[in-house]
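Here's the letter readout for the chains.
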Amino acid sequence: MADCLVDDKVIFGSQQQFCCRSVKMAQLNADGDMGAWSNVFVDCIGPPTESSLVKQTKDGTNRIVAVTVDKAPKVTVEKPFVSMNTELNKYFLHVPQPRFRPKDEALGPDLTGETDVKRDFSRVFVARAKTPDGKVDTGVAEKINGALQTGKDIVLSPGMYYLSESLTIQADNQVILGLGLATLVAPVNGSPCVKVPTEKEGARIAGIMLEASKLENDSPGVVACFIEWGDEGVVDAGNANNPGVLTDIFARVGGSNLDRSVSTDVMITIHSANVYGDNLWLWRADHVALIPANAGNASPEMPNFPPLAYHQTTLSEVPCKTGLEVNGDDVTIHGLAVEHTTGDQTIWNGKNGNVQFYQSELPYDVNNLVFSSPGYVGYKVTGEGHKAGGVGVYSNFRDYAVTVGTAITYPAESYPSNPFTNAFTTFLNGNGLILYVINGNLGSPSNASTKGTPQFVGKLNDT
C-alpha cells in the first residue's frame, strides 16, 4: 500500500508480510492487527511510531509480529503516470520528482503532484506489441529504440513484446512506462530487456513485466539479465538529487512459457549508484503451465504433484541463479521480493544500501549439494553501511532434506552492530531446515517443529 490516505481503520488480516509506504492513516484496527508475521511502515504518518516485536492475540492464538518503522527515508519517488486534459483533448505523461526529508520527518502521501514534470505526448512514443493485422511485431524493439534515440519517452501499451535487442536509454530523465503490465520478453542472445548506460541519471523504468526466453546465442562470459543499470566494472556515482528509478517491476523465469528451458543468470543487475527501487518482485517459477495436447505432447500433460492443477518445477527447469545483484553504492529499495532462484537470492555488494521490506522464499527443488554446500542464502551483503528492515526468508524444501546454515549474511567485522531490523525465517512446509537467521549465530532454527511460526531476531516490546 503506497501513496494513499486512509481515513478509517487499517485491518491487515492474515497475510504474511505487509509494506506501507508514504501512507497517512487515521488509526489501526482496535486490536492492533499487524498481519501474520511482519509489517513495514516507510514514510508513514500515523501509528505505529517505532520498530519492535509486538505480542498479539488473534483468533485465540498468541503470536509475535514484527513492526518495522522507517519514518524518514532519505528519498522516495512516485511512479510516472498518464493523464488526459479533456478540455484540450490531450494526453500528458507525469513524472513525479524525488522527495527528500531534510527535517527528518515523514512526508506521507503526495496527493497534489505539484512538483510533477508534465510532458506533452508530442514527445512520447506509444508502442504496440502487435502489427495492425494482429501479428507479433518482430521489429518492435528497433522501433522503440529509434524513438529513444530521438529523445522521446516510451509508453508501452498492454501486450507481449518479443525483443530482438535491448531497449536502451539514451538521455537523462528518459521514461519507459508500461501500461497493463506490458511484458518484455528477453532477447534470445542473453542481452537485457532494458539497458540504462552509465551516467544516464534520472531514468525511470516502471510498470513492466520481464520474462525469460530460451537463450540460443548466449555468448561465453556474458551474464544474461533482464535489466542492467550501468556497466560492469565502471564506477558511476549517479546523482543523489536525481536518482534512477525502478517502480512496479515484476520478473518471471518460467510460468506462462511452455518451454521449461527458458533461463537467465540474474534478473536485475545494478552497477550504478543512487538508484531507487519501489515494489520489485523477481520470481523463478516454482510452478508452470501444463503442456496441452498438440503442443509437444500427444496427450495433455498430467500434474507431477497432484491434485495441483499445474506442473511444479524441478531442479533442471527454468534455471536462474540470482534475482538481484547490486554493485552500486547508495541504492535504496522499498518493497523487494526475490523467490526460488538456485543460488543466492539477493547479492548486495554496494555500500550504503537500504532495503525496507524483503520477502524471499528459497527454492523448493534444490538439494544440499547444489544449494547448501556452496553456502547460498536468501540475502547476502558484502558491502559496508547496509541497512535493512522487515527481512523474511522462508523454506519449503519439497524434494530433499536441505540444511541451510543461515538465511542472511553480512561481514560482521565491518559493522559495529547488526544492521538488520526484525529479520526472521519461517519453515512453511516440506523437509530440512534453516539453522540460523543471520550469520550462522543469530536466531533459532526454523524447522518442522516451528512450522508457520517465524523465528525472529529483533527487540520484543513486552508492554
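Structure first, text after, so check above.
This text gives an overview of the structure that appears in the document.

Rules of the game
Residues numbered from 1 in each chain as written. Predicted model: local features only at pLDDT ≥ 70, side-chain atom pairs only at ≥ 80, totals over all residues. Heavy atoms only, no water. Helix = DSSP H or I, 4+ residues; strand = E, 2+ residues; numbered from the N terminus. Rg over C-alpha atoms; globule rule 2.2 N^0.38 Å. Buried < 20%, exposed > 50% of the residue type's maximum accessible area, 1.4 Å probe, protein only. 1 Å grid on protein atoms, 1.4 Å probe; cavity = no way out; pocket = protein on both sides within 12 Å on 5 of 7 lines; lining within 4 Å. Points joined across faces, edges and corners; volume = space filled by probe spheres on them. Nonpolar A, V, L, I, M, F, W, Y, C, P; charged D, E, K, R; others polar. Salt bridge = Lys/Arg side-chain N within 4 Å of Asp/Glu carboxyl O. Pairing = 2+ DSSP bridges. Phe/Tyr/Trp six-rings, centres within 6.5 Å; stacked < 30°, edge-to-face > 60°. Lys NZ or Arg CZ within 6 Å of the ring centre and 35° of its normal.

1. As for the overall build of the chain
Link 1 in the chain: When helices and strands are counted, the chain shows two helices and 32 strands.
Link 2 in the chain: Taking 2.2 N^0.38 as the reference for a compact globule, 463 residues should give roughly 23 Å; the C-alpha atoms of the chain span a radius of gyration of 22 Å, in line with that estimate.
Link 3 in the chain: Counting only C-alpha atoms and orienting by the principal axes, one finds that the chain spans roughly 60 × 60 × 45 Å.
Link 4 in the chain: In the chain, which comprises 463 residues, the share counted as buried stands at 55%.

2. Some words on the layout of surface pockets
Link 1 in the chain: Its volume calculated, the largest pocket comes out at about 430 Å³.
Link 2 in the chain: What lines the largest pocket is a set of 28 residues, among which Ala2, Arg21, Asp248, Asp278 and Asn279 lie closest to the centre.
Link 3 in the chain: If you list the elements that add at least two residues to the lining of the largest pocket, you get β1 (2–10), β2 (17–28), β17 (244–253), β19 (275–284), β23 (332–339) and β25 (354–361).
Link 4 in the chain: At five residues, β2 tops the list of elements feeding residues into the lining of the largest pocket.
Link 5 in the chain: Broken down by class, the residue content of the lining of the largest pocket amounts to 13 nonpolar, seven polar and eight charged.

3. Notes on the pattern of salt bridges
Link 1 in the chain: Within this structure, the stated rule accounts for 17 salt bridges.
Link 2 in the chain: Of the charged contacts, one joins aspartate 278 and arginine 21 as a salt bridge, the two residues approaching to 3.1 Å between their closest N and O atoms. A residue pair is termed long-range when its members are at least 10 positions apart, and aspartate 278 in strand β19 and arginine 21 in strand β2 qualify at 257 residues. Taken as a pair, aspartate 278 and arginine 21 share a single burial class, namely buried.
Link 3 in the chain: Note that lysine 74 and aspartate 330 form a salt bridge whose closest N and O atoms lie 3.7 Å from each other. Taken together, the residues lysine 74 in the loop between β5 (61–70) and β6 (81–85) and aspartate 330 in the loop between β22 (322–326) and β23 connect sequence positions 256 residues apart.
Link 4 in the chain: The partly exposed category is assigned to lysine 74, whose relative accessible area is 43%.
Link 5 in the chain: Aspartate 330 sits in the partly exposed class, given a relative accessible area of 24%.
Link 6 in the chain: Bridged by salt links that share partners, the residues Arg21, Glu78 and Asp278 form one connected network.

4. Side note on the pairing of strand β3 (residues 38–42)
Residues in a regular strand point their side chains to alternate faces of the sheet.
Link 1 in the chain: In terms of burial, β3 is largely enclosed, as five of its five residues are buried.
Link 2 in the chain: The side-chain alternation of β3 yields two buried faces, one formed by Ser38, Val40 and Val42 and the other by Asn39 and Phe41.
Link 3 in the chain: Summarising the sheet, β2 and β3 pair through five bridges and their orientation is parallel. Each bridged residue has a counterpart across the sheet, and for arginine 21 the counterpart in β3 is valine 42.
Link 4 in the chain: Bridging between β3 and β5 involves five bridges; their strand directions are parallel. If you follow asparagine 39 over to β5, its bridge partner there is valine 67.

5. Side note on the pairing of strand β4 (residues 52–58)
Link 1 in the chain: In this structure, β4 lies alongside β5, joined through seven bridges in antiparallel fashion. Within the sheet, the bridge partner assigned to threonine 57 lies in β5 and is asparagine 62.
Link 2 in the chain: Here β4 hands over to β5 after two residues, with aspartate 59 in that stretch at a positive phi of 55 degrees.

6. Some remarks on the packing of aromatic side chains
Link 1 in the chain: Taken as a whole and judged by the stated rule, the model has 14 aromatic pairs.
Link 2 in the chain: With a centroid separation of 5.9 Å and an interplanar angle of 55 degrees, the aromatic rings of phenylalanine 371 and tyrosine 376 are classed as tilted.
Link 3 in the chain: Judged by relative accessible area, phenylalanine 371 falls into the buried class, the value being 0%.
Link 4 in the chain: Ring centres of phenylalanine 424 and phenylalanine 456 lie 5.3 Å apart, and the angle between their planes is 50 degrees; this geometry places the pair in the tilted category. Placement of the pair is phenylalanine 424 in strand β29 (residues 420–427) and phenylalanine 456 in strand β31 (residues 455–457), with a sequence separation of 32 residues. You'll find phenylalanine 424 and phenylalanine 456 in the same group, each marked buried.
Link 5 in the chain: Above the plane of the ring of phenylalanine 92 lies lysine 118, whose end atom (NZ or CZ) is 4.8 Å from the centre.

7. Here we look at the sheet that holds strand β30 (residues 433–438)
Link 1 in the chain: Within the open sheet, the nine strands sit side by side as β12-β14-β16-β18-β22-β24-β26-β28-β30. Their pairing is parallel. Each edge of the open sheet carries a strand with a single partner, namely β12 (167–168) and β30.
Link 2 in the chain: Across three bridges, strand β14 (residues 194–196) lies against strand β16 (residues 227–229) in parallel orientation. Counted as the bridge partner of valine 196 is tryptophan 229 from β16.

8. A look at unusual backbone geometry
Link 1 in the chain: Cis peptide bonds are those with omega within 30 degrees of zero, and the linkage from proline 306 to proline 307 qualifies with 10 degrees.
Link 2 in the chain: Tracing the sequence through the fold places proline 307 in the loop between β20 (287–288) and β21 (311–312).
Link 3 in the chain: Although it is not a glycine, valine 318 sits at a positive phi angle of roughly 35 degrees.
Link 4 in the chain: Inspection of the secondary structure puts valine 318 in the loop between β21 and β22.
Link 5 in the chain: Using a relative accessible area of 0% as the deciding quantity, one classes valine 318 as buried.
Link 6 in the chain: Here asparagine 422, not a glycine, exhibits a phi torsion of approximately 55 degrees, which is positive.
Link 7 in the chain: Structurally, asparagine 422 can be placed in strand β29.
Link 8 in the chain: Under the relative-accessibility criterion, asparagine 422 is labelled buried at 3%.

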